[in-house]
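Okay, here's what each chain looks like letter by letter:
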There are 2 protein chains.
Amino acid sequence: MEQAIKVGIVGYGNLGKGVEAALKRAPDMELVGVFTRREPSGLRLLDPATPAYRLAEIDAFHEKIDVLILCGGSKQDLPKQGPALAALFNTVDSFDTHAKIPEYFDAVDRAARQAGTTAIISVGWDPGLFSLNRLFGEAILPEGDTYTFWGKGLSQGHSDAVRRVPGVKAGVQYTIPSPEAIAQVRSGARPTLTTREKHRRECYVVLEDGADPAEVERQIVTMPHYFADYDTTVHFISEEELRRDHAAMPHGGFVIRSGSTGEGTAQLMEFSLKLGSNSEFTASVLVAYARAAYRLNRRGRIGAKTVLDVAPGLLSPKSPEQLRKELL
Amino acid sequence: MEQAIKVGIVGYGNLGKGVEAALKRAPDMELVGVFTRREPSGLRLLDPATPAYRLAEIDAFHEKIDVLILCGGSKQDLPKQGPALAALFNTVDSFDTHAKIPEYFDAVDRAARQAGTTAIISVGWDPGLFSLNRLFGEAILPEGDTYTFWGKGLSQGHSDAVRRVPGVKAGVQYTIPSPEAIAQVRSGARPTLTTREKHRRECYVVLEDGADPAEVERQIVTMPHYFADYDTTVHFISEEELRRDHAAMPHGGFVIRSGSTGEGTAQLMEFSLKLGSNSEFTASVLVAYARAAYRLNRRGRIGAKTVLDVAPGLLSPKSPEQLRKELL
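These numbers come from a predicted model, not from an experiment.

Asker: What exactly am I supposed to notice about the overall build of chain A here?
Answerer: Of the regular secondary structure elements, chain A holds 11 helices and 14 strands. For chain A, the spread of C-alpha atoms along the principal axes amounts to about 60 × 60 × 35 Å. Every one of the 328 residues in chain A was classed for burial, and the buried ones make up 57%. Here the contacts in chain A between residues at least 6 apart in sequence split such that 69% fall between residues at least 24 apart. Split by element, the accessible area of chain A, about 14200 Å² in all, is 49% carbon and sulfur.

Asker: Is there a simple way to explain the sheet that holds strand 2 (residues 29-36) of chain A in this structure?
Answerer: All names here are of chain A. Spatial ordering of the open sheet is given by 3-2-1-4-5-6-14, a layout of seven strands whose pairing is parallel. Pairing within the sheet leaves two strands with one partner each, and these edge strands are strand 3 (52-54) and strand 14 (303-305). Each strand of the sheet is rotated relative to its neighbour by a mean of 25°, with strand direction disregarded. Here six bridges tie strand 1 (residues 5-10) to strand 2, and the two strands are oriented parallel to one another. Counted as the bridge partner of Val7 is Leu31 from strand 2.

Asker: It is not clear to me how the relation of the copies chain A and chain B should be interpreted in this structure. Could you clarify?
Answerer: For these two chain copies, the linking operation is a rotation about an axis paired with a shift along it. Each copy of the sequence occupies a distinct position, and chain A is placed on chain B by a rotation of 180° and an axial shift of 0.0 Å, giving an RMSD of 0.0 Å. The relationship between the two copies is best expressed as a two-fold rotation axis. The fraction of interface residues of chain A whose copies in chain B are also interface residues reaches 100%, indicating that both copies meet through the same surface.

Asker: What's the story with the environment of Ile140(A) in this structure? I'm lost.
Answerer: Mapping Ile140(A) onto the fold places it in helix 4 (residues 129-140). Here the alpha-carbon distance between Ile140(A) and Arg257(A), two residues 117 residues apart in the chain, equals 9.6 Å. Setting aside anything within four residues of it in sequence, one finds Ile140(A) in contact with Met269(A), Leu129(B), Phe281(B), Ser284(B), Val285(B) and Ala288(B).

Asker: So what exactly am I meant to see when it comes to the pattern of salt bridges here?
Answerer: Note that side chains of opposite charge can pair when their charged atoms are close. All names here are of chain B. Within this structure, the stated rule accounts for 40 salt bridges over all chains. The closest approach of N and O atoms between Asp66 and Lys6, which form a salt bridge, is 3.8 Å. Taken together, the residues Asp66 in the loop between strand 3 (52-54) and strand 4 (67-70) and Lys6 in strand 1 (residues 5-10) connect sequence positions 60 residues apart. A relative accessible area of 18% places Asp66 in the buried class. In this structure, the salt-bridge partner of Arg113 is Asp109, at a minimum N-O distance of 3.1 Å.

Asker: When you look at the packing of helix 4 of chain A against helix 10 (residues 278-298) of chain B in this model, what are you seeing that I'm missing?
Answerer: A pair of packed helices is captured by two measures, namely the crossing angle of their axes and the spacing between those axes. The N-to-C vectors of helix 4 of chain A and helix 10 of chain B enclose an angle of 105°; their axes lie 9 Å apart at closest approach. Classified by the angle their axes make, helix 4 of chain A and helix 10 of chain B are roughly perpendicular. Seen from helix 4 of chain A, the contacting residues are Phe136(A), Ala139(A) and Ile140(A); seen from helix 10 of chain B, they are Phe281(B), Ser284(B), Val285(B), Ala288(B), Tyr289(B) and Arg291(B).

Asker: Can you walk me through the sheet that holds strand 12 (residues 251-261) of chain B in this structure?
Answerer: Strands belonging to one sheet form pairs held by backbone hydrogen bonds; the direction of such a pair is parallel or antiparallel. Sheet architecture is open: six strands sit in the order 7(A)-12(A)-13(A)-13(B)-12(B)-7(B), paired in antiparallel fashion. Strand pairing shows two members of the sheet lacking a second neighbour, strand 7 (144-150) of chain A together with strand 7 (144-150) of chain B, which therefore form its edges. Across this sheet, the average inter-strand angle for adjacent strands is 5°, counted without regard to direction. Pairing between strand 7 of chain B and strand 12 of chain B: seven bridges, direction antiparallel. Its bridge partner lying in strand 12 of chain B, Thr148(B) is registered against Val255(B). Sheet strands in contact with helix 10 (residues 278-298) of chain A are strand 12 (251-261) and strand 13 (265-275) of chain A together with strand 12 and strand 13 (265-275) of chain B, and its direction is about 70° off that of strand 13 of chain B.

Asker: Got a minute to help me understand the pairing of strand 13 of chain B in this structure?
Answerer: On any regular strand, side chains alternate: one points to one face of the sheet, the next to the other face. Residue and element names in this part refer to chain B. Within strand 13, nine of the 11 residues are buried, which leaves it mostly tucked inside the rest of the structure. With 11 bridges connecting them, strand 12 and strand 13 associate as antiparallel partners. By the bridge assignment for strand 13, Val255 is matched with Phe271. In textbook terms, the turn of a hairpin is the stretch between consecutive antiparallel strands, and for strand 12 and strand 13 this stretch comprises three residues, one of which, Gly262, has a positive phi near 55°.

Asker: How should the environment of Phe35(B) be read in this particular structure?
Answerer: Residues and elements named next belong to chain B. Tracing the sequence through the fold places Phe35 in strand 2 (residues 29-36). Taking the relative accessible area as the measure of exposure, Phe35 reaches 0% and is therefore buried. In contact with Phe35, other than residues within four places in its own chain, are Gly8, Ile9, Val10, Gly11, Tyr53, Arg54, Leu55, Ile58, Phe61 and Ile65.

Quick notes on the rules
- Residues numbered from 1 in each chain as written.
- Chains lettered and ligands numbered in written order.
- Predicted model: local features only at pLDDT ≥ 70, side-chain atom pairs only at ≥ 80, totals over all residues.
- Heavy atoms only, no water.
- Helix = DSSP H or I, 4+ residues; strand = E, 2+ residues; numbered from the N terminus.
- Buried < 20%, exposed > 50% of the residue type's maximum accessible area, 1.4 Å probe, protein only.
- Contact = heavy atoms within 4.5 Å.
- Areas by Shrake-Rupley, 256 points an atom, 1.4 Å probe, with all protein chains shown as cover.
- Pairing = 2+ DSSP bridges.
- Axes fitted to C-alpha atoms, helices over the stretch in contact; angles between N-to-C directions.
- Least-squares fit on C-alpha atoms with pLDDT ≥ 70 in both.
- Salt bridge = Lys/Arg side-chain N within 4 Å of Asp/Glu carboxyl O.
- Parallel < 35°, antiparallel > 145°, perpendicular 65-115°, else oblique.

Printed below as a string of structure tokens:
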């Protein structure tokens, strides 16, 4: 057995916790510690034996860590942390602001090339595994259409939007894909679907004392960008119900490529996820790609990468020989 | 636009025809010709303008072809052709005798390394895309079980076995996955399934004049390895029905990873195919990987490879920048 890959976690929210848990199942990796901007002694770690450090001290770990898993958010944390930490360490992150990926890639790439590190960005399931399946779909069936459906799942951005409505004390939002639309796509029909036809939205809301339910509902369902283009249902529930029934973070979705070959033969490729916990699954994807980042760097493949650039075999702790024997 | 990738097809059965058709949809590739052991003028090509040559003349095309797509069979053709042609050209093939892949890999690898060529072996959907999904499943969810189901689909090997039974004039065999077993796996239950519980087999048989249906049926359903371990149904039909209803080659299947993360959170990954034509789809996968073989070789990545070794981005005619922008 080679020496274990030494891993650091930056940021300790749900995603960081998920990475800590996922590393326990990686026989070839070892957690060096969690790095936080908070007071380290205040963290409630899954494993109390996991060391926690101030992020400001991370420079001292330059020789002690093979790859950092960045678990901060795409809005506030990663735009700065991604390039700054790729200048010191191999990294993986789950940057997921789709429109800003090219810009983020360039910033991380510059830092990583200068430092000789390898940084795999935008790892997770979308972007991530869903991106891979969109690619396989269009590369293998160039004549065809790709459909992505999300859910049933708790959407963080839409839940935040609900909570900003005056009169809302707390709440969550679920994105629900239309079973009819999915069935139509699976039939090979290649329909043109509107936003409203693909997904509907369901909100579970706790009202502030004295708030007007009708007005809150109106404000939610007419909110531009977030809800106006969808069929949205608002349910009013108690704080206790919210805690009891809506604490999990399920998610998932479907990528379907419907195409044709030859003289119009129908061909269908489908990838789907049904996740009990969005953050734990994303964390598990990050851990597999952390292994790949370390290996790419050892082979001199420096700079920013995405899942599209990584040979799948690099994700597994098994040797190429073993993989060929067991999985092909 | 770069120069087109120049492609040759070796072997012109259903798979070779599928490759000829798939290349018409590849904007960056150009078909140089079909190579056959038969009399070239006797081939009925999809496009009569496609040049056909004797396989024996292929050495003369050394400078004129960037990558060869080998469309021969795994039993008779590829064990010899694979290493011999990898000694002259970059190649891709669909070698699918699972148990012999390590041995075949080594033979092709030796030839390719000596010649400085790149040879991607065992490309298609199983082995191929299904192998990739088995890998993603176990690398991302190390605690879990992987289930592969095949069908509904026409199985070539089992159809051949049916046709070898005395009294059988013609026939086909369909492999049918059990909907109950798939539902059980999708529920996250992680059942242990017997061979009989996973698939059943259905045969459509045309009898020779005077053959005894009961005896033919007995011989089929009790045949060791092929049918004895399955629930098998035999239908007797006329030659005309066989031609009319069973000429297509549909296939497909499912790879499901059912695993858990954290403190036992259920997570499910599923990849599935529903193929109107097995050979046309396999051909489309081969064409995408032919593009990758050529690119790997230009980067000095020589030797035998499998789908596990190929970064997915190499399959697409689009640039890495465009892929990041459109697909992540």
